[in-house]
Structure formats: C-alpha cells, structure tokens
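# Survey of secondary and tertiary structure
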Protein chains: 2
Amino acid sequence: MSNLVDLETIQPFDVWGDAVRARKVEGERITLAVVELARNAMVPEHRHEAEQVGIVIEGSVTFTIDGETRDLGPGGTWRILSNRPHTVQAGPEGAVAIDVFTPIRADWERYELLAPRPPVWPRQAGTP
Amino acid sequence: MSNLVDLETIQPFDVWGDAVRARKVEGERITLAVVELARNAMVPEHRHEAEQVGIVIEGSVTFTIDGETRDLGPGGTWRILSNRPHTVQAGPEGAVAIDVFTPIRADWERYELLAPRPPVWPRQAGTP
C-alpha cells in the first residue's frame, strides 16, 4: 500500500449521518481525517479517549470545547484533550476541516466505505 | 490558554532555515503544524521517532518516503511511520502543508518564535 495517496482516490464514509462525511489517512498511531460538514450540520456533544486537534480549511464552524465557544473560519484551530466534551455546528455554507486523532479511531472501522466521489475540497478541475 | 485559536495569531518559527516555516497547535500527544515551504525549498532526507501524517493545502511538493516518490498537489497526502527516511521538495510556487506528529515534536521547542505575521494560507483580507 502506498504511503503517498491523493485525497480524491480515498473512499469516504459517513460519520454523523450524511451531514458529516470523512476520508481518512491512517498510520499506526494517527488518524488524519478530511471532514466535510454539510450546511448547518450539527455534531452533538460527545467525547472520546483519543486526543483531537484540527483546523478549518473552508467554510465556517462554531466549536464548543469544555464550555468555551468560538466561531472559526479557514485557519481556525481546536485542541481537544482526551475525553473532553465538544460540539460542532457548521455554518450556513458548510465546512471542510482536518481532524487528527491519536490513538487511531478504531471505532470508525465500523463505517461502510462509500463509492469514490470528488471531495468538496480541493475542488476538482471541471466541477462547479 | 484557549483551546480555540486562529492560525494568524500563532507565532511562526523556522524549521529548516527560513525556507520552511511552521506554526503549531499542540495537545499532550499531537503536534499539528501548518508548514510554509518557500519556492523549491528542499528538506533533505531525515527521520524521527514520531509518526507523521500530512496533506498539501496549497501549491505542490515532491515527496519521497522509503524510496517511493510522488508529486503531490492540494489534497495529496503522506504517511510516515516511525523512523522512516523521508525527503520533501517544494514546487516552483512553494507550498503550504499540514503535518501532524505523535508524540509531540518536543525537539521543536528549541526554535525561536518569530514575530506574528500573516500566514501564507489562509490569505488574509487585504493582502496580495
């Protein structure tokens, strides 16, 4: 298996219904996910053992961690230590974010892989 | 310290001379770096204990891991298991990439923080 892969060739899967869709690159200790949030998508409060760090690539989100809330656009970052409660809501145009986790999100292996399709970001040549 | 921070407020530091500049967000176990590579910047072959996964945001790079070489544009990803040799060269327009590491890059703490300045990505309103 190659260690150098284009995002557009990675099969996506749905994390919170089809409003939150991800593609992942995984090592032995890290899961890096490119996450597409639909317009106004809501990820309800949850927590997990894995530490999570992330950044908005496109669009906007409102993020709450441990009671602190901020609106974030491209370049907005978050840091979620193990088992801290967090909530995300996408803005009216949706968002694309990168989320990374350690240890890997083994719980995501239960999600069924969808057929390959163009990612929202980066926009492919010839797509609207 | 806030867990929700805009990239533009994070002080950068130089990793391989001023041709490779980074800003980082760090948890207890993950370092997420937004890395700016100057035009044709060369990161010579190196290796480290930390596992590394990453993705191109803007521009292009030529990546070599363990003897496998690929040209990558936005959405191009890499996965570097612990202690595997790797080399990167930025393309003629430079690149912005996200690199994540676990455990954290404690060795980066020796780098002096530079004065805040606008990141290459995301482009700030009003900058060329």
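This write-up is about the structure you can find in this document. The residue count restarts for each chain, going from 1 along the sequence in the order it is written. In the order they appear in the text, chains get letters beginning with A and ligands get numbers beginning with 1. Under the rules for a predicted model, residues below a pLDDT of 70 receive no local features and side-chain atom pairs below 80 are neither given nor counted, while totals for whole chains, interfaces and linings still include all residues.

What follows covers the overall build of chain A. Tallying secondary structure elements over chain A gives zero helices and nine strands in all. Secondary structure elements follow DSSP: runs of H or I no shorter than four residues count as helices, runs of E no shorter than two count as strands, and numbering proceeds from the N terminus. Seen in sequence order, chain A has helices and strands lined up from the N terminus as β-β-β-β-β-β-β-β-β. What the globule rule says is 2.2 Å times the number of residues to the power 0.38, and the radius of gyration is computed from C-alpha atoms. Over its C-alpha trace chain A gives a radius of gyration of 14 Å, about what one expects of a compact globule, namely 14 Å for 128 residues. Buried residues are those with 20 or more other C-beta atoms within 10 Å of their own C-beta, exposed residues have 12 or fewer, and partly exposed residues lie in between; C-beta atoms are placed from the backbone. For chain A, with 128 residues in total, the buried portion stands at 40%. Each residue gets a C-beta atom placed from its backbone, and two residues are in contact if those atoms lie within 7 Å. If you take every contact in chain A between residues at least 6 apart in sequence, the share linking residues at least 24 apart comes to 68%.

What follows covers the relation of the copies chain A and chain B. Both copies of the chain are related by one operation, a rotation about an axis with a shift along it. Superposition of the copies was done by least squares, using only C-alpha atoms of residues whose pLDDT is at least 70 in both. Note on the copies: chain A fits chain B at an RMSD of 0.0 Å, the axial shift is 0.0 Å, and the rotation between them is 180 degrees. The transformation relating the two chain copies, once decomposed into turn and shift, fits a two-fold axis. A shared interface surface links the copies, since 100% of the contact residues of chain A are contact residues in chain B too.

The next subject is the environment of A:A22. Residue and element names in this part refer to chain A. With respect to the helices, strands and loops of the structure, A22 is situated in strand β3 (residues 20-26). Measuring from C-alpha to C-alpha, the distance between A22 and I98 comes to 9.3 Å, with 76 residues separating the pair along the chain. Leave out the neighbours within four places in its chain, and A22 touches P12, F13, V15, A33, V34 and V35.

The next thing to look at is the interface of chain A and chain B. Each side of the interface is counted separately: chain A has 36 residues, and chain B has 36 residues. Every element with two or more residues in the side of chain A that touches chain B is listed here: β1 (4-6), β6 (51-65), β7 (68-72), β8 (76-80) and β9 (86-102) of chain A. Broken down by element, the residue count for the side of chain A that touches chain B peaks at six residues, all from β6(A). Tallied by class, the residues present in the side of chain A that touches chain B amount to 20 nonpolar, seven polar and nine charged. Gly counts as polar in this scheme, as do all residues outside two lists: the nonpolar Ala, Val, Leu, Ile, Met, Phe, Trp, Tyr, Cys and Pro, and the charged Asp, Glu, Lys and Arg.

Right, let's get into the pairing of strand β4 (residues 31-37) of chain B. One face of the sheet, then the other: side chains in a regular strand alternate in exactly this way. Residues and elements named next belong to chain B. Counting buried positions over the seven residues of β4 gives seven, a clear majority of the element. Across the two faces of β4 the burial is the same, with T31, A33, V35 and L37 and L32, V34 and E36 all buried. Both strand β3 (residues 20-26) and β4 contribute to a ladder of seven bridges, which runs antiparallel. Within β4, the residue paired with V20 across the bridge is L37. The turn linking β3 back onto β4 is made up of four residues. Here, a strand pair is defined by DSSP locating no fewer than two bridges between the strands.

Before going further, it helps to spend a moment on the pairing of β6(A). Residue and element names in this part refer to chain A. Burial analysis of β6 places 11 of its 15 residues in the buried class, which makes it a mostly covered element. As defined by bridge partners, β6 adjoins β9 across 13 bridges and the pair is classed as antiparallel. Looking at β9, one finds that V61 is bridged to A90. As judged from the four bridges shared by β6 and β8, these two strands associate in the antiparallel manner. In the strand pairing of β8, G54 is matched with W78.

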